[in-house]
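# A closer look at the structure
Here is what each chain is made of, one letter per residue.
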Amino acid sequence: MIEFVGEYYDGKSSRAYPSIITVYETILTLKYSDVSFDIPLSTITIDPTVGSARSIIRLADDAEIHSSDRDAIRKLELQLNHSTPENLARHLENKLLYAASALILTIAIIASVLRWGLPALAQHAATVFPEGAEAKVASETLHTLDELYLDPSTLHPNRQKKLTEELKTLCSTQECPPYELLFRNSKTIGANAFALPGNQLVITDQLIDKSKNDEEIIAVLAHELGHIKHKHILRMMFQSIGSGVVLVMITGDISNYSDLAAGIPAILLQQGYSRDMEDEADSFALNALRKAHIPPHRFADILLRIDPESNSTSTTLFSSHPDSRERIKPFLKL
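Residues numbered from 1 in each chain as written. Predicted model: local features only at pLDDT ≥ 70, side-chain atom pairs only at ≥ 80, totals over all residues. Heavy atoms only, no water.

This paragraph deals with the overall build of the protein. Each helix and strand in the protein was counted, giving 14 helices and 11 strands. Taking all 334 residues of the protein together, 43% fall into the buried category. If you take every contact in the protein between residues at least 6 apart in sequence, the share linking residues at least 24 apart comes to 59%. Accessible area for the protein stands at about 18300 Å²; split by element, carbon and sulfur atoms hold 56% of it. (Helix = DSSP H or I, 4+ residues; strand = E, 2+ residues; numbered from the N terminus. Buried < 20%, exposed > 50% of the residue type's maximum accessible area, 1.4 Å probe, protein only. Contact = heavy atoms within 4.5 Å. Areas by Shrake-Rupley, 256 points an atom, 1.4 Å probe, with all protein chains shown as cover.)

Time to look at the packing of aromatic side chains. One pass over the structure, following the stated rule, counts five aromatic pairs. Plain terms: the ring middles of Y8 and Y17 are 6.2 Å apart, the flat faces sit at 40° to each other, and that makes the pair tilted. Y17 shares its class with Y8; the two are buried. When the ring of Y8 is compared with that of F37, the centres are 5.7 Å apart and the planes differ by 65°; the resulting orientation is edge-to-face. One end of the pair, Y8, is in strand β1 (residues 2–9); the other, F37, is in strand β4 (residues 35–40), and 29 residues separate them in sequence. Residue Y8 is classed as buried on the basis of its relative accessible area, which comes to 8%. Three or more aromatic residues joined by ring pairs make a cluster, and in this case those are Y8, Y17, Y32 and F37. (Phe/Tyr/Trp six-rings, centres within 6.5 Å; stacked < 30°, edge-to-face > 60°.)

Moving on: the pattern of salt bridges. Applying the stated criterion across every chain yields a total of 12 salt bridges. Residue E64 pairs with R58 through a salt bridge whose shortest N-O separation is 2.2 Å. Here D214 and K162 are joined by a salt bridge, their closest N and O atoms 2.7 Å apart. With D214 in helix α7 (residues 214–229) and K162 in helix α5 (residues 157–171), this pair connects stretches of sequence that are 52 residues apart. Salt bridges sharing common partners tie together R159, K162, E166 and D214. (Salt bridge = Lys/Arg side-chain N within 4 Å of Asp/Glu carboxyl O.)

To continue, consider the environment of L41. Its location among the elements puts L41 in the loop between β4 and β5 (45–46). When the C-alpha atoms of L41 and L76 are compared, they prove to be 9.5 Å apart, with 35 residues separating the residues in sequence. Among residues more than four places away in sequence, those in contact with L41 are V23, Y24, E25, T26, I27, L28, L76, Q79 and L80.

Honestly, it's all geometry; don't read function into it.
Below you can see the structure in the form of structure tokens.
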């Protein structure tokens, strides 16, 4: 037998009747004032308790019993044997080992989604992303970068034309992805080259100034063509947005996702590629240089000149997560 006190609401008015509730094997007896009646246990349900709120027992015809006696309500739940997800979760929460195991499992699932699930989904999404939508993203991204970081190139048009033709010559020896080569000047970004959505390829005057010959420039552009070929820009964008969705699912704060979606240009400029993406782009560049009979060490030469300390902490798209000296080893082999 279970006995506790509570307030009875008849479902017809807002009046609360202080009551004594007694639970037997198959019935619940409710007494208030001079009234007493029995309720079959099979007809009642108990709402999941939230925080310190009072427990609510649902009766027929919208009637309710409210009570603060958590121990009694818990015993009643066990007697009713309602194996609802809420009751099961509340039971597990009271077991430290179960709670700790659930936390570890949750972290492991989230980590697996971020490490393997999102990249796989992002790769698929990048292959089916509509060209029209990508072109719009490309236009907005380039517009934002031009406003914040990039200025018109000061390179002579004839020099731009010569480099454009040399890149075409490299691509005549193999299958390059479609691309649009753009020249920009930027003291903020400095010596840099990076790919954008829509197969746009940007190179700065500062990188050209740091080069000792055109072959070094073409080597860098070949690397960026590798990013375009493997759709790394879209994949990185989708992974970032996917991470935001996961964050929203965990925190329930939708503003995190909206802020992320609005900051795609910053994501593309600051996040940097994963090691796997850099390896894919390096592999494309290495094969392209060999087919075009350009010494592969040209890429190593300019990379070390731009990054003399082999610092992998820079956040530009030209920089990489792998250490530069590790990356250039394949380009130095004869």
